[in-house]
Amino acid sequence: MDKRQDLESFLKKVDKISELVKDLNSSDVEVQQKAIETADCYIAALDEPCRTIVNKTTINTKPPLQTSLVKTCTQSHPIFKDKGNEAYAQEDYETAVKYYSDGLAELRDMQPLYTNRAQAYIKLGKYKEAISDCEWALKCNERCCQALKKYKESRNCFEKIVEIEPEMEKMVKEYLTQVDLEEGRESQEMNARQEFDKGEGNDTRVPQLLEKLARPGQIPLYYCGGLEILSQAVTDCTAQTLFRLNNGFSIISSNDTVRSCLLQETTDPDSQELCASALKSWRVICCGNDENQKMLMTFPLTRQSMVHLITSEHVAVQEECLELLNVYSRMPHGRLLAIDNLDVPMLVRNLMACISKPKQQQNTAVNILENFAAENKFCIQLRDVLTDSVILPFTTLLRNISESNRHVLASLISAIGCLARDDVICHSFAHDPECWKAIAVAIVSIITDWSLCIEKYKHLFIELNSDASTWIKKYNTTVYQCGICLLSLQRQCSACEYKEVIYPLLGLIIILSAITSPIIQERAVSLCNCCLGLLRDSDGGVITRATAVLSTVLPQSPEAVQHVIQGGAARVMRLLLKGTGQTATKYAIKTLTVCTAASHLAREELVKSDKKLSILRNLLASSDEMVSGNAALCLAHCLELEGIGSTLLGTDVVLLLLRHAAGDAKRTAVRQNAAIALGKLCRSEPRHMNKLRELHGVEILHSCLKLIT
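These remarks concern the structure in this document. (Residues numbered from 1 in each chain as written. Predicted model: local features only at pLDDT ≥ 70, side-chain atom pairs only at ≥ 80, totals over all residues. Heavy atoms only, no water.)

What follows is about the overall build of the protein chain. Along the backbone of the protein chain there are 43 helices and 0 strands. Put simply, the protein chain has 709 residues, and 49% of those count as buried. Across the protein chain, the fraction of contacts at a sequence separation of at least 24, relative to all contacts at a separation of at least 6, is 73%. Put simply, the protein chain shows about 33,700 Å² of open surface, and 52% of that area lies on carbon and sulfur atoms. (Helix = DSSP H or I, 4+ residues; strand = E, 2+ residues; numbered from the N terminus. Buried < 20%, exposed > 50% of the residue type's maximum accessible area, 1.4 Å probe, protein only. Contact = heavy atoms within 4.5 Å. Areas by Shrake-Rupley, 256 points an atom, 1.4 Å probe, with all protein chains shown as cover.)

And the structure:
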């Protein structure tokens, strides 16, 4: 346990020191100064005081004079360091630790010895000692990150941790991501400096442009033009990095004119244009650059403006703001940065407001919401404000489907489905009566539009299919043109947003109806009635999802079960089980099982055209636990009909059921259902007992009794 606690402590401290070291190495003076203050507090909190007084000025042009004693010790330090390095290279880590320790005994504050000994401790698995040395290295030189920059060794260390503690894999992956980001940052900055020193290419213009943008007191158009030129000059990672290294973020954010525009303190046309230009420059500078994305989020001005400008009345400003947010939403690192730094409830509220208005930016806003919905932290922050931020605007849209919002509705419903993967959010939606009312209105509206589309071209379909020659003469066309016209008509109907919207909407209903709710029970009959109509659709995907809705809603409402049985659901499910894919089969057999459990009529409907229950017997051979388990239970229901047991004589039903009854102990439900079916089979037709005894199944059946009782 102690070792585990040491390991966790090590990882936490590595994270803290890693962040601190990166800030100390920042090219931004404000970030660097803040990190120095934090380092002072961190060092002061350590148990053992540091013997060295460190000069923490940003640039120390006058290093302190060294005493003769320090000079003597410094001369001996390379000897211990070299011997330690030699032992380390030979993988003699214990000896390496000894030499480094001997050197530190003479000169306690020699930073390289701490960093080297930390690496040796990591190799020995002594994480507590390693982090202690990292702390001392930080005390001796706050700008040193050697202990954290040995990327290969860091990865090996973290991978070793996963081998020792597999349950820590998720946390270790986060640390490995940080290692990758830090290595990428260092590589970018090294390459950028090299390119700048060469003085070639368009990238070298970036520092010059920043100098001009740093001039205070200019009119908005001056800064607007400069930012536009800057956006054109930043064409690759080198230019993005040079912008960061030359304090570009601070220069723009601290400019009073730019600041007032971003805060919408001035709203004249020139100021709005400048605001859009600033957002555009940030987007160009941050696109594909993790370190720049992180740097931008450190400024309060950015965090505030990115959220509020989503609802700007100025089209260009709103568009650039959404595009900037879209940059962050594309990758996990960017999403987490935004979630940790932005006002998430306000962000979502403004995105939904943007989606609700008929503007070109609707698609971008939906994409942002859908991307962020993949993050658990995002969902957690929405739980307490879900009704006002999401449910209310979403239900309003569903009730008012029109040409202006239909094109984004499918993506929005998918985004809501992603949010509903969070249990708390799903529960809130499932128990919201207004949500279910809106869903019912939306389904009716969509199906009505589809029906009108079909009706519109119905006479042409009938006329063309019944007598093509007359149709050709009437409209003065050829056979080829006739075929093209038919395809065109079909496409016009298929292009109706019905197909695009109904699919994700059914998916959302499946997710929400998995939760037992009185609201769902109240709406069950109308929901199932719509699904019965959708079962006649020609699209296999729609049929599968409609069946899935029936399988989740019917168990919650006996009234809905009787309704769908009267509507011929048992017959439709039987037909589906004959020739559909595995997913549809899973939902169809579950729906059929619910129907046969509740209705004598449903059992008769199933048996009428399949007296030997061949469909169910085929499903018993499925490897899918849900399919085979429901098939066994459905068969048990059918065996309550008179004479069914006799019709199954000579079939393999006993063998199939016995295999499941004696199967994997973990598949309790399947074993239980198979045992129930076997019991009913033998009671319905005693002659099946002969086969059961022949297969030594009586003992197996007895062993399953405890599952049933």
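There's more to say after this.
One can find isoleucine 339 in helix H19 (residues 332-341). The spatial distance from the C-alpha of isoleucine 339 to the C-alpha of cysteine 379 is 10.0 Å, given a sequence separation of 40 residues. Among residues more than four places away in sequence, those in contact with isoleucine 339 are Val344, Phe372, Glu375, Lys377, Phe378 and Gln381.

Despite not being glycine, asparagine 247 shows a phi value in the positive range, around 60°. One can find asparagine 247 in the loop between helix H12 (237-245) and helix H13 (248-253).

Moving on to the packing of aromatic side chains. Counted by the stated rule, this structure contains 6 aromatic pairs. With a centroid separation of 5.0 Å and an interplanar angle of 90°, the aromatic rings of phenylalanine 243 and phenylalanine 249 are classed as edge-to-face. We classify phenylalanine 243 as buried; its relative accessible area is 0%. Relative accessible area serves as the criterion here: at 1%, phenylalanine 249 is assigned to the buried category. Joined through ring pairs, the aromatic side chains of Phe243, Phe249 and Phe299 make up one cluster. The ring of tyrosine 99 is capped by lysine 98, whose NZ or CZ atom sits 5.6 Å from the centre of that ring. Sitting above the plane of the tyrosine 503 ring, arginine 545 keeps its charged end 4.0 Å from the centroid. (Phe/Tyr/Trp six-rings, centres within 6.5 Å; stacked < 30°, edge-to-face > 60°. Lys NZ or Arg CZ within 6 Å of the ring centre and 35° of its normal.)

Our focus in this paragraph is the nonpolar core. If you look at the biggest cluster of nonpolar residues, it comprises 164 residues, and the most contacted ones within it are Leu230, Phe429 and Leu657. Residue contacts for phenylalanine 429: discarding those within four places in its chain leaves Leu386, Val390, Ile391, Phe394, Ile416, Cys435, Trp436 and Leu512. In terms of nonpolar packing, the next biggest core, distinct from the first, is built from 14 residues, Ala96, Met110, Ala120 and Trp136 among them. (Core = buried A, V, L, I, M, F, W, Y, C linked by side-chain atoms within 4.5 Å.)

Here serine 260 shows up in helix H14 (residues 256-262). Not counting the four nearest positions on each side in its chain, serine 260 is found in contact with Glu265 and Thr266.

Let us look at the state of the cysteines. Taken as a whole, this structure holds 0 disulfides when the rule is applied. Free of any disulfide, cysteine 286 has its nearest cysteine sulfur in cysteine 287, 8.9 Å distant. Assessed through its relative accessible area of 37%, cysteine 287 is described here as partly exposed. (Disulfide = S-S within 2.5 Å.)

Among the secondary structure elements, tryptophan 282 is positioned in helix H15 (residues 269-286). In this structure tryptophan 282 touches Phe249, Ile252, Ser253, Leu262, Leu296, Thr302, Ser305 and Leu324, once residues within four positions along its chain are discounted.

The subject of this paragraph is the side chain of serine 513. By the element assignment, serine 513 lies in helix H29 (residues 498-513). Given the relative accessible area of 1%, serine 513 is considered buried. For serine 513, the side chain forms a polar contact with the main-chain oxygen of isoleucine 509, separated by 2.6 Å. Not counting residues within four places of it along the chain, the set of residues in contact with serine 513 comprises Trp436, Ile520, Thr552, Val553 and Gln556. (Polar contact = N/O pair within 3.5 Å; in protein donor to acceptor, adjacent residues only side chain to side chain.)

Attention now moves to the packing of helix H31 (residues 540-553) against helix H34 (residues 582-598). Remark: H31 packs on H34, axes separated minimally by 8 Å, with the N-to-C direction vectors making an angle of 35°. The two elements H31 and H34 meet at a crossing, and its hand is left-handed. Across the interface between the two elements, Thr544, Thr547, Ala548, Leu550 and Ser551 of H31 pack against Thr583, Ala584, Tyr587, Ala588, Lys590 and Thr591 of H34. Classifying every residue of the contact of H31 with H34 gives 5 nonpolar, 5 polar and 1 charged. (Axes fitted to C-alpha atoms, helices over the stretch in contact; angles between N-to-C directions. Left-handed = near helix turned anticlockwise from the far one by under 90°. Nonpolar A, V, L, I, M, F, W, Y, C, P; charged D, E, K, R; others polar.)

Take the pattern of salt bridges next. Where charged atoms from two side chains of opposite charge approach closely, those side chains can pair. Tallying each qualifying case throughout the model produces 19 salt bridges. One salt bridge in this structure joins glutamate 189 and arginine 185, with 2.8 Å as the shortest N-O distance. Highlighted residues: glutamate 189 and arginine 185, both in helix H9 (residues 169-198), separated by 4 residues, approximately one helical turn. A salt bridge links arginine 335 to glutamate 375, with the nearest nitrogen and oxygen atoms 2.9 Å apart. With arginine 335 in helix H19 and glutamate 375 in the loop between helix H21 (362-372) and helix H22 (376-382), the pair connects residues that are 40 residues apart, well separated along the chain. By relative accessible area, glutamate 375 is classed as buried at 13%. The structure contains a network of salt bridges with shared partners spanning Glu182, Arg185, Glu189 and Arg244. (Salt bridge = Lys/Arg side-chain N within 4 Å of Asp/Glu carboxyl O.)

Among all positions in helix H10 (residues 205-213), only Val206, Pro207, Leu209, Leu210 and Leu213 are buried. With its buried residues spanning 160° around the axis, H10 presents them on a single face. (Arc of directions from axis to C-beta.)

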